[in-house]
Amino acid sequence: GQVTLSDLFFLASFLLACAEFVVLRRRVPVTLPFLLLIGVALFSLGGVLSSFESYQTLTSIAVIARLVFLTVFWFWLGTVVLRRQEHITRAISCWVVSAAICGAGAIVQLLVGDVIPNGSIDGGRATGFTAHPNDLGALTGIAFVPALMLASRPRIAPATRAWFYVLLLLVAAGLILSVSVGALMAAGAATVVWLAFQRISVHALLAI
């Protein structure tokens, strides 16, 4: 009962990819990052254990199953569709733009008030274009490091870098205005991991 436009795009892409494999009889790659599978397993275990104490156990388990399906199959679909580096960069850019739009909505709510349909700013916590402040926090928290990565890429045009900085600031604004402590902690931890696995550049330090 919570099908989104993103879900419809995903399902259409998933069906088209499966149809291509059936028609062209191509071998289907099913490899997924090992760390991703460990993360999904840990999330599922923790989610199931905590669901027994929730007020709506079945609904909680259904959310876990939906997230696992979208995560595993979405990443698999990404390995099938995104074949080149420019494909990945374009997909990440679109993803960051969507999070930045939600961050811009939070700024509008802060400056103007409750003008976004189905949104609110209650107790200083903005929702942007999502249904709840925690949704905005999760969305922008996950997209923060990709936005940081785009803004700190080497050898890009100044105008492109300025655009990516605007996106980074909008994502950060949404993260802060959501006042989601968990999302802020997750974004901080992800930033530490991102820095640990790359060579520190001047652009990265400036973006941070």
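The preceding data block contains the structure.
Throughout what follows, the structure given in this document is the object of discussion.

Here's the deal with the overall build of the chain
Then step 1. Across its full length, the chain holds eight helices and two strands.
Then step 2. Moving toward the C terminus, one meets the helices and strands of the chain in the order α-α-α-α-β-β-α-α-α-α.
Then step 3. Oriented by its inertia axes, the alpha-carbon framework of the chain measures out at about 55 × 50 × 35 Å.
Then step 4. For the chain, with 208 residues in total, the buried portion stands at 33%.
Then step 5. Contacts in the chain between residues at least 24 apart in sequence constitute 65% of all its contacts with a sequence separation of at least 6.
Then step 6. Element-wise, carbon and sulfur atoms account for 72% of the exposed surface of the chain, whose accessible area totals about 13300 Å².
Then step 7. A gap of 20 Å separates the mean positions of the 12 positive and 7 negative side-chain charges of the chain.

Re the packing of helix H2 (residues 34-51) against helix H3 (residues 57-81)
Then step 1. The N-to-C vectors of H2 and H3 enclose an angle of 175°; their axes lie 9 Å apart at closest approach. It follows from the interaxial angle that H2 and H3 lie roughly antiparallel. Contacts between H2 and H3 involve Leu 36, Val 40, Phe 43, Ser 44, Gly 47, Val 48 and Ser 51 from the former and Thr 57, Ser 60, Ile 61, Ile 64, Leu 67, Val 68, Thr 71, Val 72 and Phe 75 from the latter.
Then step 2. Within the contact of H2 with H3, the residues separate by chemical class into 10 nonpolar, six polar and no charged.

The rules we used
- Per chain, residues are indexed from 1 in the order of the written sequence.
- Under the rules for a predicted model, residues below a pLDDT of 70 receive no local features and side-chain atom pairs below 80 are neither given nor counted, while totals for whole chains, interfaces and linings still include all residues.
- By convention in this description, side-chain values take in all heavy atoms of the structure and omit both hydrogens and water.
- Each helix is a run of DSSP H or I of at least 4 residues and each strand a run of E of at least 2, with the numbering of both proceeding from the N terminus.
- Think of it in three bands: with a 1.4 Å probe and only protein chains considered, a residue is buried below 20% of the maximum accessible area for its type, exposed above 50%, and partly exposed in between.
- Residues are treated as being in contact if the distance between any of their heavy atoms lies within 4.5 Å.
- Surface accessibility follows the Shrake-Rupley procedure with a 1.4 Å probe radius. Residue values consider only the protein chains on display as shielding.
- This count recognises Lys and Arg as positive and Asp and Glu as negative, with His and chain-terminal groups excluded.
- A charge is said to be at NZ when it belongs to Lys, at CZ for Arg, at CG for Asp and at CD for Glu.
- To get an axis, fit a line to the C-alpha atoms, keeping to the stretch in contact for a helix; angles then go from 0 to 180 degrees between the N-to-C directions.
- Any angle that falls under 35 degrees is termed roughly parallel, while one over 145 is termed roughly antiparallel, one within 65 to 115 roughly perpendicular, and all others oblique.
- Residue classes follow a fixed rule: Ala, Val, Leu, Ile, Met, Phe, Trp, Tyr, Cys and Pro count as nonpolar, while Asp, Glu, Lys and Arg count as charged, and any other residue, Gly among them, counts as polar.

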